[in-house]
Amino acid sequence: MEKHPWYKPRRYLHFDTPLSIKSAEIIATNPNNVESHSFYPFIAFNNLTKKIFFDKNAVKIKSKDKIRPISYASHADSAIYSYYSKILSNSYENQLLEHGLTKNVIAFRSLGKSNIDFAKKIFTEIEERKYCSAIGLDVTGFFDNLDHKHLKEMWAKVIGKSPLPNDHFAVFKSITSFSTVDKDKLYKEFNIAIHNPKNNRNRICSPKKLRNRVRKNKLIKKNKALFGIPQGSPISAILSNIYMLDFDKTIKEYVSNIGGSYYRYCDDMMIIVHPEERDKTICYITSEILKLKLTINQKKTEISNFSLTAGKQRSDRPLQYLGFTFDGERILIRSAAFARFSGKMKGGVKLAQRTCEKRNIIRQKKGLVEKDLYKRKIYERYSHLGKQNFLTYGYRAADKMDSKSIRKQLKPLWDRLQKEIEK
């Protein structure tokens, strides 16, 4: 693994079988093999999540479905994407260093930091500035609207080779002129169970069945547009950063010249400027993003103005950034995150209870003594006793940000969990 940091074992079901490191190396690291490689269609599905928010009066919790299309590549294709992602990342990092952008682009890079660190940096800077406007901008349909021509130009620019070498062009072509197969329809075609897909399988079907059944039944959909790349491939993240490189340089220079700061986390931008520069900055960024054939989502634009009142920093509205809020005094975890956690916790306890009841019915029939609710998994997932869950993340944030307010938010959750178990 040290010799092949780009390699990641993948065990999911696809049109080909999982690869060893040796097999992946043969396929991905030989330019001739990559140039002649036949890429499989992506398998696509919609990742549905509930977006929790409060109404305008912050009284009633509301929710709406947020659908994010996800596509995952075959094992051989993923190995190629991972290897070329590593190549591009190395060249891209050099570009960031050359143009002084290492602190401005914070997503999809190995920085050894988390959202907690990035949010803390923003909030600390606002505290130090005292009078400022924090502008949050969001790009509409980011991955779905990346222009292929511009992406190709930036790809060549980053690696310093134009036109693209044949192997790079083969990867570029596969990720832009890609094909997808709907996961549900595919599984239905081969009677594959959604919750137990492997069931002694090591691949979905043979290449012959792919041709005679999947392609013949028109399950394969090709992207014929001149824009858009699939979300979920190992190379998509670095390509999105490369696409924005010239834009990042332009905006960073503009904002720096007016004494502000610019940060971009994938399709979310955060700009901190003096209040007098706020409106002009928004107009400038909005016009520049159009040059990339992208648009700013006006509905998601958020502006928080900070000032000093009676010696204390205040904001006209709390700033929301990477799951946290800041009003000039307090750093909090967003209320929506607690609403989501509460729903998951209640659902997890109910599932454990149903499992316990089923197990005890079987034990009764066998004449065995009933057992109490098995709490270990519940505590691992929904309490501070676990290693990686919402609460441990929250307490880590409280420590790093030195936020007593976050600790107060988290404190009642243990009692709520106990009450849910007692029900």
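Above this note sits the structure.
Residues numbered from 1 in each chain as written. Predicted model: local features only at pLDDT ≥ 70, side-chain atom pairs only at ≥ 80, totals over all residues. Heavy atoms only, no water.

Asker: Any chance you could explain the pairing of strand β6 (residues 261-265) here in plain terms?
Answerer: Successive side chains on a regular strand alternate, one facing one side of the sheet and the next facing the other. Burial within β6 is extensive, with four of its five residues counted as buried. Bridging between β6 and strand β7 (residues 268-273) involves five bridges; their strand directions are antiparallel. Counted as the bridge partner of Y265 is D268 from β7. Between β6 and β7, which pair antiparallel in sequence order, lie two residues; one of them, C266, sits at a positive phi of approximately 60 degrees. (Buried < 20%, exposed > 50% of the residue type's maximum accessible area, 1.4 Å probe, protein only. Helix = DSSP H or I, 4+ residues; strand = E, 2+ residues; numbered from the N terminus. Pairing = 2+ DSSP bridges.)

Asker: It is not clear to me how the pairing of strand β8 (residues 302-309) should be interpreted in this structure. Could you clarify?
Answerer: Relative to β8, strand β3 (residues 132-138) is paired through five bridges, and the arrangement is antiparallel. Considered in β8, the bridge of A134 is made with S304. Relative to strand β9 (residues 312-315), β8 runs antiparallel, the two sharing four bridges. Across the sheet, the residue bridging to T309 is K312, located in β9.

Asker: Looking at this structure, I do not really get helix α9 (residues 236-243). What am I missing?
Answerer: Residues separated by three or four positions in an α-helix point in the same direction, a consequence of the helix having 3.6 residues per turn. Within α9, seven of the eight residues are buried, which leaves the element mostly enclosed by the surrounding structure. Turning to α9, its buried residues are S236, I238, L239, S240, N241, I242 and Y243.

Asker: Explain the pattern of salt bridges here, please?
Answerer: Applying the stated criterion to the full structure yields 17 salt bridges. Notably, a salt bridge pairs D248 with R264, separated by 2.9 Å at the nearest N-O pair. Placement of the pair is D248 in helix α10 (residues 245-257) and R264 in strand β6, with a sequence separation of 16 residues. One salt bridge connects E288 with K291, and the closest N-O pair in it is separated by 2.8 Å. By relative accessible area, which is 61% here, K291 ends up exposed. Where salt bridges share partners, they join K157, D246 and K249 into one cluster. (Salt bridge = Lys/Arg side-chain N within 4 Å of Asp/Glu carboxyl O.)

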